[in-house]
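# Per-entry structural report
Each chain, written out:
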Amino acid sequence: MRIPLDYYRILGLPLAASEEQLRQAYSDRIVQLPRREFSQAAISSRKQLIEEAYVVLSDPKQRSTYDQLYLAHAYDPDNLAAAAVALENRTESTKRGIDTQSMGIEITQDELVGALLILQELGEYELVLKLGRPYLVNKNSVKNARKSNNLADEEIYESAEHPDVVLTVALACLELGREQWQQGHYENAAISLETGQELLVREGLFSSVQAEIQADLYKLRPYRILELLALPQEKTAERSQGLELLQNLLEDRGGIDGTNNDDSGLNIDDFLRFIQQLRNHLTVAEQHKLFEAQSKRSSAVATYLAVYALIARGFAQRQPALIRQARQMLVRLGKRQDVHLEQSLCALLLGQTEEATRVLELSQEYEALAFIREKSQDSPDLLPGLCLYAEQWLQHEVFPHFRDLANQQAFLKDYFANQQVQAYLEALPTDAETTNEWAVINPQYFPQPKAKNPHFHNNSTKTSAQFNHSRTPNPDLPETPPRETPEYPNFSPQMWNSSGSIKSDVPAAERISRGTNQHLNGSAKSAASSHSQKRRRRKPTPSASRERLPDNRPSSRRPRRRRTFPNTIEGKTRLVWRVFISLVSILVFWVLATTAFAWLKNLLFPPPSLHDVQLFVQINEPPVSIPDPKSKPESEEGSLTKVQAREVINTWLSTKATALGPNHEINNLEQILTGSALSQWRLIAQQNRSDNRYRKYEHSFKIESVEKIGLFANRAAVEATVKEVTQLYENGQFKNSSNDNLRVRYDLIREQGKWHIQSTSVVN
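Summary of the structure given here. (Residues numbered from 1 in each chain as written. Predicted model: local features only at pLDDT ≥ 70, side-chain atom pairs only at ≥ 80, totals over all residues. Heavy atoms only, no water.)

## Regarding the overall build of the protein
Along its length, the protein carries 31 helices and six strands. Taken across its 764 residues, the protein has 43% of its residues classed as buried. Across the protein, every contact between residues at least 6 apart in sequence was considered, and the portion connecting residues at least 24 apart equals 66%. Per element, the accessible surface of the protein, about 43000 Å² overall, is 52% carbon and sulfur. (Helix = DSSP H or I, 4+ residues; strand = E, 2+ residues; numbered from the N terminus. Buried < 20%, exposed > 50% of the residue type's maximum accessible area, 1.4 Å probe, protein only. Contact = heavy atoms within 4.5 Å. Areas by Shrake-Rupley, 256 points an atom, 1.4 Å probe, with all protein chains shown as cover.)

## Quick word on the pattern of salt bridges
Using the criterion set out here, one finds 26 salt bridges in the structure. Across the pair R297 and E251 runs a salt bridge whose closest N-O atoms are separated by 3.0 Å. In this pair, R297 sits in the loop between α13 (284–295) and α14 (300–316) while E251 sits in helix α11 (residues 236–253), placing the two residues 46 residues apart along the sequence. E251 gets classed as partly exposed once you look at its relative accessible area, which sits at 49%. (Salt bridge = Lys/Arg side-chain N within 4 Å of Asp/Glu carboxyl O.)

## Here's the deal with helix α9 (residues 186–203)
A rise of 1.5 Å per residue sets the reference length of α9, with its 18 residues, at 26 Å; its end C-alpha atoms lie 26 Å apart and thus fit the reference within 8%. For α9, the set of buried residues is E187, A189, A190, S192, L193, G196, Q197, L199, L200 and E203. At the exit of α9 stands G204, carrying a positive phi of roughly 70°. (Expected span 1.5 Å × (residues − 1).)

## A closer look at the packing of aromatic side chains
Considering all chains together, one arrives at 17 aromatic pairs under this definition. Look at W181 and Y223: their rings are 5.8 Å apart centre to centre, the planes differ by 65°, and that puts the pair in the edge-to-face class. Here the residue W181 occupies a position in helix α8 (residues 162–182), and Y223 occupies one in helix α10 (residues 207–229), the gap between them amounting to 42 residues. Overall, Y223 belongs to the partly exposed group, its relative accessible area being 37%. Pairwise contacts between aromatic rings join F315, F399, Y415 and F416 into one cluster. We note R318 situated over the ring of F315; from NZ or CZ to the ring centre the distance is 5.3 Å. (Phe/Tyr/Trp six-rings, centres within 6.5 Å; stacked < 30°, edge-to-face > 60°. Lys NZ or Arg CZ within 6 Å of the ring centre and 35° of its normal.)

## Notes on the side chain of D691
Inspection of the secondary structure assignment puts D691 in the loop between α31 (675–690) and β3 (693–708). Take D691: its relative accessible area is 18%, and that puts it in the buried class. Within polar-contact distance, the side chain of D691 engages the side chain of Q276 at 3.5 Å. (Polar contact = N/O pair within 3.5 Å; in protein donor to acceptor, adjacent residues only side chain to side chain.)

## Here's the deal with the sheet that holds strand β4 (residues 715–730)
With antiparallel pairing, four strands are arranged side by side in an open sheet as β3-β4-β5-β6. One side of each edge strand has no neighbouring strand; the edge strands of this open sheet are β3 and β6 (754–763). Adjacent strand axes in the sheet meet at a mean angle of 30° when their direction is disregarded. Each of β3, β4, β5 (733–751) and β6 is contacted by helix α30 (residues 642–659), which is oriented at about 165° to β3, the strand it contacts most. Its contacts with the sheet place α31 against β3 and β6, and it is angled at close to 75° to β6. (Pairing = 2+ DSSP bridges. Axes fitted to C-alpha atoms, helices over the stretch in contact; angles between N-to-C directions.)

## Concerning the packing of helix α16 (residues 340–349) against helix α17 (residues 353–360)
Their axes nearest at 8 Å, the elements α16 and α17 cross at an angle of 170°. Relative to α17, α16 is oriented roughly antiparallel. Here H340, L341, Q343, S344, A347 and L348 of α16 lie close against α17, whose contacting residues are E355, A356, V359 and L360. When grouped by side-chain class, the residues that make up the contact of α16 with α17 number six nonpolar, three polar and one charged. (Parallel < 35°, antiparallel > 145°, perpendicular 65-115°, else oblique. Nonpolar A, V, L, I, M, F, W, Y, C, P; charged D, E, K, R; others polar.)

## Structural notes on the pairing of β5
Pairing analysis gives 16 bridges linking β4 to β5, with the strands arranged antiparallel. In the strand pairing of β5, K723 is matched with N741. Count of turn residues in the β4/β5 antiparallel hairpin: two residues, of which N731 carries a positive phi of about 55°. With nine bridges connecting them, β5 and β6 associate as antiparallel partners. Its bridge partner being in β6, L748 is matched across the sheet by I757. Hairpin remark: β5 followed by β6, antiparallel, with two residues in the connecting loop; positive phi at Q752, about 55°.

## Details of a nonpolar patch on the surface
Residues W577, F580, I581, V584, V588 and L592 make up a contiguous nonpolar surface patch of roughly 610 Å² in combined accessible area. Summarising the element assignment, W577 is placed in helix α29 (residues 569–604). The exposed category is assigned to W577, whose relative accessible area is 52%. (Patch = residues over 30% accessible without salt bridge, like charges linked within 9 Å, V, L, I, M, F, W, Y side chains within 5 Å.)

## Some thoughts on unusual backbone geometry
The phi dihedral of N692 is positive, around 55°, even though this residue is not glycine. As for its placement among the helices and strands, N692 is situated in the loop between α31 and β3. Here the phi dihedral of N731 falls at roughly 55°; this positive angle occurs in a residue that is not glycine. Within the secondary structure, N731 sits in the loop between β4 and β5.

See below:
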């Protein structure tokens, strides 16, 4: 067999190498041993080829002849006559195995492993595969032929070098895959690694090398997913393979924010950055399917991403049912973090303007609130600013994360003008019913109804059934029920339907289009009249209320109840005695209880005995020191002072500038924030970092008031006037700037002797 090797390549030397370099290279090659999995025969074969090269090149006469042959082939490969003359001048010892045409060496079957080892050490991985694969194919065909002739297993001869050749080819696949990995050809690298792994598995050899290849395949998996999903959408087979790899990766991790070991080498933060990078290569339908399935693992991150996908797909494809599903998921997510702004946007897209404004007031996103209020200055409500913010939010924060929506424009006017959207919004519950729905989830913000009428429940159930029946099913979208009772244990159908029979005469889509046109044209009169009409329409008349409440009670109950009331003098006297005896019994019980408690306290915790010491009092000195009238009164121990409040607010504004700045120092937020404020600002900072966006701030503030909350000295409220100049940078480029003057209320709590900000809100 002819191998394309020459003696200089075997020793890794140039043609002009000195004798000292020759000896050093020979010594290094002999000492350098291959992997421990190779047999002694393979190591000896390699050593034999190295020694043969050293013997020829260390002899000056043989080296001169070999150099002539080498140069003749290098400069004139077709001049075979000169090469033949040079070959005739060589001694007999050097004539063996030299090929004058290809400048290679002839080797025997036993020397194949040594030659392949040397080629692999030289980085000729593709050449190793080219020479080793035919050998393995021939061996396997011979082995299968002998088995088909019903020969016994011991009669089937397998050469000793076969496992070494298999190992060499598998290692060449491994190194070639790593080389392609470094070059950024991830799918080609996976093919090379899988080829080597399949060879070892088929032969049943070298489990340690199989594990090494499998470990590289696991680490390569995220890179393969990104490469496959970044392909054009026309290559459906490759992209489907990428989605399948992504599903397997999520299963191994236990979800997006799972803690299982998937052998990819990515921690939770790295994997979240990987998911954020991956979103730009997925369509809105792919993200919808992926993240909605992952949200069933009770993952807050997956739920939030699913909400974005539902809103984007519902708006782009004019499917408000998906937006309603997103709002239901936000209700579940709202138990963990502040998502009132997203809830308000969903309510707006569902045509529930009053609900959108009401939920918006609960949000702590004071930057967004400031923008919305600024754009709604000439309007009696926040609808114009909210519509403008919704369009910009969809255009710049939602659509860019979907490859099929990145270049799509977001216009609320076109959305609400769609006939399918209008038909769906007309069948939705009114704002009053939606208020009761939010009251179930957030009872602290809404008063509870005092009575429930079963007639309302039946009436609204009938309306809901008619709506579900009239909907046109879409085979590409999942069926979204009007409400999901099992997911929310606090859900009350009667509260949801308490005003189900009240129906507005003006379409919901028309109300939103009025608000949108108002914000586009700068007029606020139609919005004011629209809201007043809605309030008048939703106030039920007494006659209507009486018609809805059928009187099914028997007429005999009212006289029977009056007869039981104590109208006689004897009955009144008996009632007075009962009240008196009850009061006396309560008083006696209280006296006995306090006496027993005092006795037990003295028994278990006796007071210290007082010694009979005479109090020393002088006439010219008071028994108690009197403070100096000119001295300042001391502040209450533990209460927050204005100086401390100034330090806390200054620390917070500095920390905010660094967390949202170019370096994104998010960990510093824990030093000044706690509770909901910490989770809210940490999420904002992480989103800015993933979007390659940062802000530069200039702050100045003035403390207006400091007050203690309740009876505890560990809680305080600070109101301050904050002047904030913001410069927004995106992808290193200046985007826009803003200058806000806000009056902010900070709720502080002292933890472990240090004041932290628990929540912030903008004060009108």
